Amino acid sequence: MNDTTNALADWSPEAVVFDCDGTLMDTEVHWQDARNQVFQDFGLHPAPGFAERAKGVHYVDCGRLMAQEADKPELAEEMTGSLLRHFMAQVAKDPVTMPGAADLVRRLSGRLPLAVASNCPVEVVESSLGRAGLLSHFEHVVVPNDESPRGVKGEPVRPKPWPDVYETAARLCGAAPERTLAVEDSMTGVESALRAGLRVVGVGPRPAPEDVVRADVWVPVLNAPHLLAWVESWWAPARQ
């Protein structure tokens, strides 16, 4: 596909693992609103460029980062709790899927094992996907907390950019990491998937050149014609 056909034309996965926020669900605006509300609640102001630094970061680490950048490290736990409450209130009111996400998931459902690997709490992932009518298509939801399945070595699952969520998702799908495709919108997530040994399709606004080459492929949206054509080629007679 443009650059996709070059990178992955002769390869097809045995399982697909999706990120949730910004990949399947249009929640980044909710996180941004929640972060802004927390700063406002505490009478603080984000530093320039904070939104980009916070993208894809686990909410606990984000709360800690907010407190540190505001020079109020003692407020980290309180700000983290406030961040999650504001976000959950936002996403409950307005669950919106990213362009092409629902169609792609439904195309793949029943043909390959599907999983979600997210830095969000499991109740947020399952609630938002459930409201969007997508949760039933996924066999596994892996998140970095004690509710998540244990990692490959029986250890707790750590958040992205650690590889744990993707390693665990591939294992639960019954696929080797090198035969598993990750679909991600953030460089934090791309790094996690690469460290786990997965191939990666990046989606969303094209990042800086030094970042875009980290993914095998980068597409603007999940309903890009060249992406869908490549997906349908997985089941072409020549591949059987």
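Treat the numbers as computed from the prediction; the structure is a model and nothing was measured.

Novice: Break down the packing of helix H2 (residues 28-41) against helix H4 (residues 59-69) for me, with residues and values.
Specialist: Interaxial distance between H2 and H4 falls to 12 Å at its minimum, and their mutual angle equals 40 degrees. Here H2 and H4 pass one another in a crossing that is right-handed. Seen from H2, the contacting residues are Trp31, Arg35, Val38 and Phe39; seen from H4, they are Tyr59, Cys62 and Met66. Along the lines of polarity and charge, the residues of the contact of H2 with H4 split into 6 nonpolar, no polar and 1 charged.

Novice: Which residues make up the side chain of lysine 160, and what are the values?
Specialist: Among the secondary structure elements, lysine 160 is positioned in the loop between strand E3 (140-142) and helix H8 (164-173). Residue lysine 160 is classed as buried on the basis of its relative accessible area, which comes to 4%. Of note is the side chain of lysine 160, whose polar atom sits 2.8 Å from the backbone oxygen of alanine 117. For lysine 160, the side chain forms a polar contact with the side chain of glutamate 184, separated by 2.7 Å. When sequence neighbours within four positions are dropped, the list of residues in contact with lysine 160 reads Asp19, Ala117, Ser118, Asn119, Val165, Tyr166, Glu184, Thr188, Gly189 and Ser192.

About the cut-offs
Residues numbered from 1 in each chain as written. Predicted model: local features only at pLDDT ≥ 70, side-chain atom pairs only at ≥ 80, totals over all residues. Heavy atoms only, no water. Axes fitted to C-alpha atoms, helices over the stretch in contact; angles between N-to-C directions. Helix = DSSP H or I, 4+ residues; strand = E, 2+ residues; numbered from the N terminus. Left-handed = near helix turned anticlockwise from the far one by under 90°. Contact = heavy atoms within 4.5 Å. Nonpolar A, V, L, I, M, F, W, Y, C, P; charged D, E, K, R; others polar. Buried < 20%, exposed > 50% of the residue type's maximum accessible area, 1.4 Å probe, protein only. Polar contact = N/O pair within 3.5 Å; in protein donor to acceptor, adjacent residues only side chain to side chain.

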